[in-house]
Amino acid sequence: MTRTVVLVLAGTSEATELVGRLAGRENVDVVTSFAGRTTEPADLPGEVRTGGFGGVEGLAAVLAARPYDLLVDATHPFAARMPQVAAAAAAEAGVPRVRLLRPGWHPSPGDRWHRVRDLPAAAEELRRLRSRRVLLTTGRLDLAPFAGLAGVHLVTRSIEAPDPMPLPEATVVLARGPFDLGDELALLGEHRIDTLVTKDSGGTATAPKLEAARLLGLDVVVVDRPLPPPGPVVGTTAEALAWVDAHRPRP
Ligand code: NAP
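Report follows, based on the coordinates. (Residues numbered from 1 in each chain as written. Predicted model: local features only at pLDDT ≥ 70, side-chain atom pairs only at ≥ 80, totals over all residues. Heavy atoms only, no water.)

## Topic: the packing of helix α5 (residues 181-190) against helix α6 (residues 208-216)
To characterise two packed helices, one gives the angle between the axes of the helices and the distance between these axes. Where α5 contacts α6, the two axes come as close as 8 Å, and the packing angle between them is 55°. In terms of axis orientation, α5 runs oblique to α6. In this structure, α5 meets α6 at a crossing whose hand is right-handed. From α5, Leu181, Glu184, Leu185 and Leu188 reach across to α6, where they touch Pro208, Lys209, Glu211, Ala212, Ala213, Leu215 and Leu216. Class assignment of the residues belonging to the contact of α5 with α6 gives a composition of eight nonpolar, no polar and three charged. (Axes fitted to C-alpha atoms, helices over the stretch in contact; angles between N-to-C directions. Helix = DSSP H or I, 4+ residues; strand = E, 2+ residues; numbered from the N terminus. Parallel < 35°, antiparallel > 145°, perpendicular 65-115°, else oblique. Left-handed = near helix turned anticlockwise from the far one by under 90°. Contact = heavy atoms within 4.5 Å. Nonpolar A, V, L, I, M, F, W, Y, C, P; charged D, E, K, R; others polar.)

Shown next, in the form of structure tokens:
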């Protein structure tokens with residue numbers, strides 16, 4: 001079989017798993033690309049590159065130059081720009097592309113969820129709910145929309161410290177998932193949280209906070225995902241592998 005060169009846009013646990021499994025495939029060369037914002041997994045097989053490509057033109061040129069046969073966009077469900085850039089660049093370079101997007105979360109009986117379309121709407125929802133003690137788990141780069149809330153004690157949780165910190169007053173908790181139910185019950189209890197704010201990131205690593213909020217009867221403001229660009233979407237690593245196999249160039 002001819003060799004297949006696959007570019008994986010990474011930044012998720014699914015991307016890491018996919019790269020591991022692709023590297024085990026015969027006649028597949030896999031290159032993993034990171035934005036360079038977070039610490040990268042140390043032991044990834046294959047080539048690793050870091051940093052932006054320079055928009056649609058830049059990525060299209062990279063795809064055409066090697067040339068790559070396939071592109072898997074396994075960036076985070078809330079990656080704001082990369083999925084659109086990847087779609088346009090792949091179309092320009094004529095390289096088949098798939099979006100690997102893990103399924104979002106769904107409420108269970110007893111949940112007090114309030115779905116909102118974006119972060120400013122989440123801040124608005126906190127006003128409407130008259131929340132007083134709020135845990136923000138939206139990430140250190142997504143705090144600014146909550147800066148104008150008056151009379152609300154905000155607790156932020158992120159892997160790295162917010163820098164700059166856009167909130168005039170907040171308690172900063174630094175922690176890296178995965179978190180278990182016990183961790184989450186303890187955190188929510190310690191800070192006497194009445195409302196949790198989360199993006200609908202999906203997956204298991206940070207899901208126990210939802211169960212903890214349900215058990216404690218807390219309100220949960222859930223920020224909806226941005227829509228993926230038109231084109232094929234798969235939800236699991238196994239489906240992404242099947243897509244790669246189905247789209248490998250034939251001799
Ligand atoms: P973004 O808005 O979608 O991307 C901004 C720019 O960063 C892109 O236009 C691209 O630059 C570059 N970029 C993003 N992902 C890249 C990758 N895998 N390889 C090379 N360049 C990449 O993304 P973001 O929200 O800032 O997130 C950055 C990274 O962190 C993403 O890879 C994402 O998967 C991960 N992440 C994001 C979140 C979140 O909530 N947003 C959470 C966890 C992890 P050029 O246009 O110059 O190519």
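Read on for the rest.
## Observations regarding the side chain of His191
Mapped onto the secondary structure, His191 falls in the loop between α5 and β10 (195-199). Sequence-distant contacts of His191, defined by excluding residues within four places in its chain, comprise Arg133, Val155, Thr171 and Val173.

## Here we look at the pairing of β10
The buried fraction of β10 amounts to five of the five residues, a majority that puts the element mostly inside the structure. Every second residue of β10 is oriented toward a common face, with Thr195, Val197 and Lys199 on one face and Leu196 and Thr198 on the other, all of them buried. Where strand β7 (residues 133-136) and β10 come together, three bridges link them in parallel fashion. From the neighbouring strand, Leu136 faces β10, where its bridge partner is Val197. Looking at chain direction, β10 and strand β11 (residues 219-223) are connected through five bridges and run parallel. Following the sheet pairing, Lys199 is matched in β11 by Val223. Assessed by its sense of winding, the connection that carries the chain from β10 through α6 to β11 is right-handed. (Buried < 20%, exposed > 50% of the residue type's maximum accessible area, 1.4 Å probe, protein only. Pairing = 2+ DSSP bridges. Right-handed = clockwise from strand over helix to strand, strands pointing away.)

## Structural notes on the packing of helix α2 (residues 55-65) against helix α3 (residues 82-93)
Between α2 and α3, whose axes approach to 8 Å, the crossing angle comes to 50°. The pairing of α2 with α3 is recorded here as oblique in orientation. Relative to α3, α2 is oriented so that their crossing is right-handed. Contact residues: α2 offers Gly55, Val56, Glu57, Leu59, Ala60, Leu63 and Ala64, while α3 offers Met82, Val85, Ala86, Ala88, Ala89, Ala90, Glu92 and Ala93. Considered class by class, the residues forming the contact of α2 with α3 number 12 nonpolar, one polar and two charged.

## Some details on the sheet that holds strand β1 (residues 4-9)
Spatial ordering of the open sheet is given by β3-β2-β1-β4-β5-β12, a layout of six strands whose pairing is parallel. Where the open sheet ends on each side, the last strands, each with one partner, are β3 (47-50) and β12 (233-234). Here two bridges tie strand β5 (residues 97-100) to β12, and the two strands are oriented parallel to one another. Directly across from Arg99, in β12, lies its bridge partner Val233. Across the face of the sheet, helix α7 (residues 237-247) comes into contact with β1, β4 (70-73), β5 and β12 while running at roughly 165° to β4.

## Focus: the site of the ligand
As a matter of local geometry, the ligand sits amid 21 residues, with Ser33, Phe53, His76, Arg81 and Met82 nearest to it. Between the ligand and the protein, one listed contact pairs an oxygen atom with a backbone N or O atom of Phe53 at 2.7 Å. Gly54 has a polar backbone atom sitting 2.9 Å from an oxygen atom of the ligand. The protein chains hide 80% of the 810 Å² of surface that the ligand would expose on its own. (Near = heavy atom within 4 Å. Polar contact = N/O pair within 3.5 Å; in protein donor to acceptor, adjacent residues only side chain to side chain. Areas by Shrake-Rupley, 256 points an atom, 1.4 Å probe, with all protein chains shown as cover.)

Honestly, it's all geometry; don't read function into it.
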